[in-house]
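# Fold and geometry: a report
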Amino acid sequence: MSEVKSSGGMRIGGASIAWVTLYGALCGVTALIPFFPYVGGGGYLPLLCAFTALAPIILGPVAGVVSALIGSVVGMLIAPAAFPLGLLDAILVGTLPAVFMAMMLNAYKRSWFLAAVATCIVLGVVGMFFPFWVPGASAGFAKPENPLVYWLLMAVYWLLPLIVIVSPVARTLIPKWTQGTDRKFKYVGFLIAAVTAFFMWFIPLCVPYWYMFNYSPAVATAAEIAYLWWLPALGAVVTIIAVPLVEALKRSGLPKVPGALW
Amino acid sequence: MQVPFKYTYRDTLVHRLHPLVKLLHVLLTLLLIITPLYSIRFLPVLAVWLALSVGLWSLARIEVSRFATLIKLLLGTFVFLITIQGFTYRFGDTVIVTLFQWGYGDTNLGALKLEGVVFGLLLSLRMLTAAASLPLFVMTTSSADLMTGLRKLHMPKVATLMVVSALSFTTLIFEMWAFILDAQKLRGFDINQMNIITRLRKAYVPIVTPLVLLLFRRANDFQIALETRGFGTPGNPTEVERLEFTVRDGVVAAFFVAVWVLCQYLRVQIAAGLG
């Protein structure tokens, strides 16, 4: 008698692969829509960045990140101008918002908490010294004229998220607010999670390009300042979309995905 | 909303190439671009590879207007890179114009330097070289060929299906997006009449919410279709069209590698010359 084997591959992180695929396709299409100017790059960041950040909310952390990756690859193929560096851009621009959002929303779980803390520390080390000190002058990079200002501004993008992650805000309040029923607190919870996640995103979003396109420390410092308002604005847009969407999904009668926030 | 670069069938050498050979071109482009090219003397390195890409565009009989679209999309980035490098470049003495005095380190950030502009042009060329390879791949490779190519790379079945299906579903999403936009217009909610701030604040929620709900309902049908066709059963699926790696594919792949090696040789020689 032949043995019947289960496929086991029809779900990812509890979500059906069809959901993950179609949400990925939606993310891919949104790569065609310019959303925000790319401060320190001249191009544009597509609406895809907001949709990939929403993915862990709708599909749960694992399926959300996979869906974001699929969407970024599709976006890269149909809108190459938004991803001039190809797969590298697909990961840095498209997938990382989902990864950091998943970390922020799940920091109350031990494994995600450890991953988030380790990520912030690595980001801190890279952001503080690369590329203006290491490799520095040997690769043609001058040091910032005022290193203290540069480091203080850079600290916003790794130390601030680290403080949020280790504090009760991420460990208790964000899960309580985002999974609760009070609409006002839901907005606050998603906003804090999204802004912190986007702050974490700054270093991998910018630093590789500073290195590849030989940016001067003056431009890097200007980008550090510009993103201080830009990333919270992006976080606010994600929150504005997230709360009604989550509420609509809750009322829709669709089967809930484990780990999703609806 | 329109997709500027999508697959168009033509009977050309590039279209007939094995998808893995075209993927090799994309990969080699990325590897070339991420190597440090920090002087204008590296121009021949990029010029050789860009010439190869333009040659492939021409062989694939892709309209010149498509290449112009690509340049138009990247124009903002080019202007930014040239301007920023022009004003902030540290190793330039040839001032084109001085707008104001703002000393930062050894350089005046208010002066546009010729050397910086030239360096910005080099960076723009680097970006154009990078961006030229992907549209070529997309416009000459069908979904079926892409699926076979990814399977040959031993990518998991599920991942391959998801990427290729998501790519195919983009058309459906355009239709649904347009359908919802029209429905909202009938209710007096016209996104096209809104300025950027109002659009960010108000426009996306009434469009995105029904879109995601409709999409997930469609996804349930897609899941049933997959299950009824036995997707996910153990073993390798069969292929409708078998794609063989021919001698021609091998020759073209070897040619790509040879051009890439030539670029690297040029790069090393130029770097040695710079000391």
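First, a word on what this report is: a plain description of the structure on this page. (Residues numbered from 1 in each chain as written. Chains lettered and ligands numbered in written order. Predicted model: local features only at pLDDT ≥ 70, side-chain atom pairs only at ≥ 80, totals over all residues. Heavy atoms only, no water.)

## Section: the packing of helix α3 (residues 61-78) of chain A against helix α4 (residues 87-105) of chain A
Residue and element names in this part refer to chain A.
- Contact geometry for α3 and α4: axes closest at 9 Å, N-to-C directions at 160 degrees. Viewed along their axes, α3 and α4 adopt a mutual orientation that is roughly antiparallel. Between α3 and α4 lies a crossing whose hand is right-handed. Taken together, the residues of α4 that come into contact with α3 (itself represented by Pro61, Gly64, Val65, Ala68, Leu69, Ser72, Val73 and Met76) are Leu87, Ala90, Ile91, Gly94, Thr95, Ala98, Val99 and Ala102.
- Each residue belonging to the contact of α3 with α4 can be placed in one class, and the counts come to twelve nonpolar, four polar and no charged. (Axes fitted to C-alpha atoms, helices over the stretch in contact; angles between N-to-C directions. Helix = DSSP H or I, 4+ residues; strand = E, 2+ residues; numbered from the N terminus. Parallel < 35°, antiparallel > 145°, perpendicular 65-115°, else oblique. Left-handed = near helix turned anticlockwise from the far one by under 90°. Contact = heavy atoms within 4.5 Å. Nonpolar A, V, L, I, M, F, W, Y, C, P; charged D, E, K, R; others polar.)

## Things to note about the packing of aromatic side chains
Residue and element names in this part refer to chain A.
- Tallied over the entire structure, the rule returns 22 aromatic pairs over all chains.
- Between Trp177 and Phe185, the ring centres sit 5.4 Å apart and the planes meet at 20 degrees, which makes this aromatic pair stacked.
- For Trp177, a relative accessible area of 17% gives the class buried. (Phe/Tyr/Trp six-rings, centres within 6.5 Å; stacked < 30°, edge-to-face > 60°. Buried < 20%, exposed > 50% of the residue type's maximum accessible area, 1.4 Å probe, protein only.)

## Here we look at the pattern of salt bridges
All names here are of chain B.
- Enumeration according to the criterion identifies four salt bridges over all chains in this entry.
- Among the salt bridges present, the one from Asp11 reaches Arg16, with a minimum N-O distance of 2.7 Å.
- Glu63 serves as the salt-bridge partner of Arg66, at 3.6 Å between the closest nitrogen and oxygen. (Salt bridge = Lys/Arg side-chain N within 4 Å of Asp/Glu carboxyl O.)

## Considerations on the state of the cysteines
Residues and elements named next belong to chain A.
- Under the counting rule described, the total for this entry stands at zero disulfides over all chains.
- Take Cys49: it sits in no disulfide, and the sulfur closest to it among the cysteines is that of Cys27, at 10 Å.
- The buried category is assigned to Cys49, whose relative accessible area is 1%. (Disulfide = S-S within 2.5 Å.)

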